[in-house]
Structures are given as structure tokens and as C-alpha cells.
Amino acid sequence: MQIFYVDKTIDRTDYIIVGAFNELVMKKDFEKITVKDIYELAGISKATFYRHFHDKYDVMNYNYKMLLDYSGNLDSVHSFEDLYFQLFSGAQDYWGPIKRTFKSTGYNSFRHFIATYSYDYAENIVKLNRDGKGFTETEKLQCVVYVYGIAEMYERWTYGQINLSAKEAAKALFDMMPETVKYYWK
């Protein structure tokens, strides 16, 4: 099974399910993958799958969350620009084959998850540096627009529609980030 990064802190069954999902999504369109496909390839029961995940969208989102958390915890990450660079570098290494997940649509779409998780991730970093206080109302508005733009840009970049290196893409995103937020880090 295909796991693109190693995180020894995650549950073994989650790891197996995500690996099966990654293997499947490299072979066929996301919309054609079923929960049954995932649990059969993972070699687990339907009940075991549902004890760990709600549906295939939940697996897809958990997969991205693991990548973001893994990228954000590297010793070399000291800023949002570093984080963006790690995410774009990771896309070059192992997210290219998974671009089919962007074909998901609606509220459960991969793009929507990237935006909402990125927003929460950034706000948590700001809270750590503002004695528990998150975004101001203006920053909330700016960050909503910003993270949905990130999700769109990340999709286009993954599909090769934006011809920037990982370093250039990271710098471009960092430069667009709201000034009052961009220099906070853990």
C-alpha cells in the first residue's frame, strides 16, 4: 500500500486505510472509488472502516491533514512561507498522482477541506502567539478569501496550470498573506 510520508503517531488501522485509499486514487478517479474498495484493499472489515472514518471523503481529508501536520512539524519549518514550500515540495514528490481528489465536488470537496483546514491551522498558530486570541474580524475576512484562493491555486498548480517552482509558489502565497498574520509562527 502507498503511504507518502511516515508518521509513527497515527493509529495502525488509519495508516492501512489511508494507504489503501492512496493506492486506489492513483489508479482510478476519486468519484469511482467506494468505501468497499478501500476496506477490501486494506484487508479490514466494513465495521472496522466505519469505526475509523465516516466515508471516503473523511479518508481523503485525513490524508491531507496528515500531510499538512507532517509538513508543519518539520524542524526546517519556521514560518508560513516555509510551510508552503514544504507543501508544494511534497506535491511534487507524492501529491501529483493524487490530483484526482480535486475532482470531488460540493461541501465535501477536497478544495473545501484544504481551505477550512488551512484556516483553522493558521488561526491556531495565531492563537499560540496572541495569548489564545485568534483572528480579528478583519483578519477572518481576509483569511477566508486567502485560504480559498490557496485551495484554488494549489489545485491549478498540481495540474500544471501554474508554472512556478515550489519555492516561487510558496513565496507568492506568503506575499499575499494578510500582513497582520504572516509573521506568526509556533
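Anything mentioned here points back to the structure above.
In every chain, residue numbers begin from 1 and rise along the written sequence. Totals for whole chains, interfaces and linings use every residue, but because this is a predicted model, local features are given only for residues with pLDDT of at least 70 and side-chain atom pairs only at 80 or more, for both listing and counting. Side-chain numbers come from the whole structure's heavy atoms, not from hydrogens or water.

(A) Main features of the packing of aromatic side chains. Stacked, tilted and edge-to-face are the three classes applied to pairs of Phe, Tyr and Trp rings, where Trp contributes its six-membered ring and a pair requires centres within 6.5 Å; stacked means planes under 30 degrees apart, edge-to-face means over 60, and tilted covers the rest. Counting across every chain of the model gives 12 aromatic pairs. On the basis of an interplanar angle of 75 degrees and a centroid distance of 6.2 Å, the ring pair of Phe-21 and Phe-30 is categorised as edge-to-face. Across the pair, Phe-30 and Phe-21 agree in class, each one buried. Taken together, the ring pairs in this structure connect Phe-49, Tyr-50, Phe-53 and Tyr-62 into an aromatic cluster. Both a distance and an angle decide whether a charge sits over a ring: NZ of Lys or CZ of Arg must be within 6 Å of the ring centre and within 35 degrees of the ring normal. The side chain of Lys-56 reaches across the aromatic face of Phe-30, ending 4.6 Å from its centre. The buried label goes to any residue with under 20% of its type's maximum accessible area, the exposed label to any with over 50%, and the partly exposed label to all in between, with areas taken from a 1.4 Å probe on protein chains only.

(B) Highlighting the side chain of Ser-118. Turning to its location among the elements, Ser-118 is positioned in helix α6 (residues 110–129). Taking relative accessible area as the criterion, Ser-118 reaches 14% and is therefore assigned buried. Not counting the four nearest positions on each side in its chain, Ser-118 is found in contact with Tyr-64, Phe-113 and Val-147. Numbering of helices and strands runs from the N terminus; a helix is a DSSP stretch of H or I covering at least four residues, while a strand is a stretch of E covering at least two. The contact rule is simple, with two residues in contact once any of their heavy atoms fall within 4.5 Å.

(C) Representation of unusual backbone geometry within the structure. The backbone of Asp-131 shows a phi angle near 50 degrees, a positive value even though the residue is not glycine. By the element assignment, Asp-131 lies in the loop between α6 and α7 (137–158). For Asp-131, a relative accessible area of 79% gives the class exposed.

(D) Region of interest: the pattern of salt bridges. We define a salt bridge as a side-chain nitrogen of Lys or Arg found within 4 Å of a carboxyl oxygen belonging to Asp or Glu. Under the criterion given, the structure shown has 9 salt bridges. As a salt-bridge pair, Lys-28 and Asp-37 come within 2.9 Å of each other at their nearest N and O atoms. Judged by its relative accessible area of 28%, Lys-28 is partly exposed. When its relative accessible area of 21% is taken as the criterion, Asp-37 is described as partly exposed. Taking the shortest distance from any N to any O, the salt bridge between Arg-156 and Glu-152 comes out at 2.6 Å. Placement of both Arg-156 and Glu-152 in helix α7 is noted, with a separation of 4 residues, approximately one turn of the helix.

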